[in-house]
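# Architecture and fold: a report
So you can see what is in the structure, the chains are spelled out below.
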Amino acid sequence: MLVPVRLTVAELLRDRLGLTGTKVSCEMQVCGVCTVLVDGDPVSSCATLACDLDGTEVLTVEGLARGRDLHPVQEAFMDANALQCGFCTPGFIMMAVALLDAHPDADQAEVREWMDGNLCRCTGYDPIETAVTVAASRLAAATAEDGQ
Amino acid sequence: MAVLPELGLVRSSDLDEVLAAVGHDYAPYAGGTELVPATGLGLRRPAVIVDLKRVDALKGIEVDAGAGSVTIGAAVTHRRLSDHPVVREHLPTLAAAASHVGNARVRSTGTVGGNLCFAEPRSDLGCVLLALGATADVRSATGARTLGIDELIVGAFETSLAEDEILTTVTVPFEPAGMSYWKLQSYERPTLGVALVVSDSQWEVTVGAATERPTRIVLAAGDTAGLADFVGGLELSDDMTGPPDYKRSVLRAHLQRALGAAA
Ligand SMILES: Cc1cc2nc3c(=O)[nH]c(=O)nc-3n(C[C@H](O)[C@H](O)[C@H](O)COP(=O)(O)OP(=O)(O)OC[C@H]3O[C@@H](n4cnc5c(N)ncnc54)[C@H](O)[C@@H]3O)c2cc1C
Ligand code: FES
Ligand code: FES
């Protein structure tokens, strides 16, 4: 695929590929609704150039579920009522996935440190923190089972 | 969404090719965390952007045990800096500061070089690196020079780099005993940063974020009058995080706590 240099990742995803799960708001790297993973690292798709994706693997919220099976982080967000309007949710979920991939045993301080750059205007954050913690313990339990 | 203007791209893994390209209208960039929004807002108008992040020579982190220093490539991201075992061992204060830069997305794309060369006053790295006595290695297609951090960053959003120069590496002496970094931060960038190196004989105080550029003073331990003069004479910013008087009060309170001395 050829893209103009000036195209951002968010524009590529939303306007050219029709993948509108990734949202855009501040375009200043502050709110996190545009978070996607590039080679596992969370980036702001609003401020990243699509040409920089060359040779990388990109994961968006559309890529999390396996068929009808939601990703454990998505399940945990539903179970913990960690969304109201839902606009911030794809960004929070992608950030949580990035965190738990890098630090499966993340403690509360790490959860806060990583989620700190995502804004939510509805939930008051507590349910989101709970969701990430629940997802972490479920993932840990699943890994322990696999290991047996 | 803000649409960026037309841009050309130069991309290479070879430092010489990149150096040959950088120049007027040919802006180097790495993570793009500053350049992309600044170009979207029309604050920067490069015709072509020259990608530094695929240049191997700009991505190393190497320790020189003999010299007692660590050399960090300009295109090293905050995340790699803060996670790197060598940095954590020899430069723990820098590693900790890098692990608290902005947010997790800025840390995974933003680089040391981009931070210093954008010269945004509200930076942690500039302050910590000045306090550590780091030097900046600068190259162009035709030459090389080495600068102190205070010679590289000369003002708010202002470096002494020529249009055809890039920062290649930063060489940082191992952290001395008695070093600390503390910041006040209520939004995504620091409001005030204070790096201290305290020994029985000396107080080294470096203040950043609220000043146009990081500002350092070396005092004899116990020189409270000198400290008060320094703090009183700093020109501090006036912005939405507070007026200069407020920042000066916070700075005094921090120094009092950290040094046990009234400033
Ligand atoms: C939301 C947000 C929060 C932030 N919070 C903090 C914070 O808490 N503390 C802090 O210290 N910083 C903070 N920053 C700043 C952040 O550290 C920088 O944005 C980042 O490091 C810049 O690196 P980059 O590679 O993305 O730069 P780019 O955007 O790629 O480049 C920035 C500028 O530097 C030039 N440049 C880049 N590399 C070189 C080089 N090697 N030689 C010459 N010129 C070069 C470019 O031409 C451009 O003008 C924050 C930024 C954002 C967006
Ligand atoms: S839209 Fe990208 S961080 Fe807000
Ligand atoms: S659920 Fe509405 S902004 Fe977070």
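Residues numbered from 1 in each chain as written. Chains lettered and ligands numbered in written order. Predicted model: local features only at pLDDT ≥ 70, side-chain atom pairs only at ≥ 80, totals over all residues.

Turning to helix α3 (residues 89–102) of chain A, a few remarks are in order. An ideal rise of 1.5 Å per residue puts 20 Å on 14 residues; α3 of chain A measures up with 20 Å between its terminal C-alpha atoms. Counting buried positions along α3 of chain A gives 12 out of 14 residues, so the element sits mostly inside the fold. By the burial criterion, the buried members of α3 of chain A are Thr89, Pro90, Gly91, Phe92, Ile93, Met94, Met95, Ala96, Val97, Ala98, Leu99 and Leu100 of chain A. As for α3 of chain A, its buried residues are in contact with β1 (35–38), β2 (41–44), α2 (72–79), α4 (108–115) and α5 (126–147) of chain A together with α6 (104–109) of chain B. (Helix = DSSP H or I, 4+ residues; strand = E, 2+ residues; numbered from the N terminus. Expected span 1.5 Å × (residues − 1). Buried ≥ 20, exposed ≤ 12 C-beta atoms within 10 Å, placed from the backbone. Contact = placed C-beta atoms within 7 Å.)

Attention shifts here to the domain arrangement of chain B. Residues and elements named next belong to chain B. Considered domain by domain, chain B is made up of domain 1 (8–51), domain 2 (56–173) and domain 3 (179–259). The C-alpha-based centres of domain 2 and domain 3 are spaced at 21 Å. Taken together, the contact pairs 18 residues of domain 2 with 20 residues of domain 3. Looking at the side of domain 2 that touches domain 3, the elements that each hand over two or more residues are α5 (92–99), α8 (125–131) and β8 (153–155). In terms of residue count, α8 provides more of the side of domain 2 that touches domain 3 than any other element does, five residues in total. For the side of domain 2 that touches domain 3, the class distribution of residues is 10 nonpolar, six polar and two charged. (Domains from an automatic or database assignment. Nonpolar A, V, L, I, M, F, W, Y, C, P; charged D, E, K, R; others polar.)

This brings us to the nonpolar core. Grouped together as the largest cluster of nonpolar side chains are 108 residues, with contacts concentrated most on Ala96 of chain A together with Leu52 and Val128 of chain B. The element that contributes the greatest number of residues to this core is α3 of chain A, accounting for nine residues. Not counting residues within four places of it along the chain, the set of residues in contact with Leu52 of chain B comprises Val18, Pro28, Tyr29, Ala30, Leu58, Ala74, Ala75, Gly113 and Ile166 of chain B. (Core = buried A, V, L, I, M, F, W, Y, C linked by C-beta atoms within 7 Å.)

It is worth spelling out the site of ligand 1 at this point. In the vicinity of ligand 1 there are 33 residues, among which Gly31, Gly102, Gly110, Gly113 and Gly114 of chain B approach most closely. In this structure ligand 1 sits where residues from chains A and B come together. When residues of the shell around ligand 1 are traced back to their parent elements, those giving at least two are β2 (26–29), α6, α7 (112–118) and β10 (166–173) of chain B. Each residue belonging to the shell around ligand 1 can be placed in one class, and the counts come to 17 nonpolar, 12 polar and four charged. (Near = placed C-beta within 6 Å.)

This part is about α5 of chain A. Residues and elements named next belong to chain A. In this model, α5 (22 residues) spans 32 Å end to end at C-alpha, consistent with the 32 Å of a helix rising 1.5 Å per residue. Among the residues making up α5, those that are buried are Ile128, Ala131, Val132, Ala135 and Ala136. Around the axis of α5, the buried residues are gathered within 135° of arc, so they sit on the same side. Opposite the packed face of α5, turned more than 90 degrees from it, sit the exposed residues Asp126, Ser137, Ala141, Ala144 and Glu145. Buried-residue contacts for α5 involve α2, α3 and α4. (Arc of directions from axis to C-beta.)

What follows is about the sheet that holds β2 of chain B. Residues and elements named next belong to chain B. In spatial order, the strands read β1-β3-β2; together these three strands make up an open sheet with parallel pairing. Looking along the sheet, the strands with just one partner apiece sit at the ends: β1 (8–11) and β2. Here the average twist between neighbouring strands, direction ignored, is 30°. Sheet analysis places β2 next to strand β3 (residues 48–51), joined by four bridges and oriented parallel. Looking at the pairing, Pro28 lines up with Val50 of β3. (Pairing = 2+ DSSP bridges. Axes fitted to C-alpha atoms, helices over the stretch in contact; angles between N-to-C directions.)

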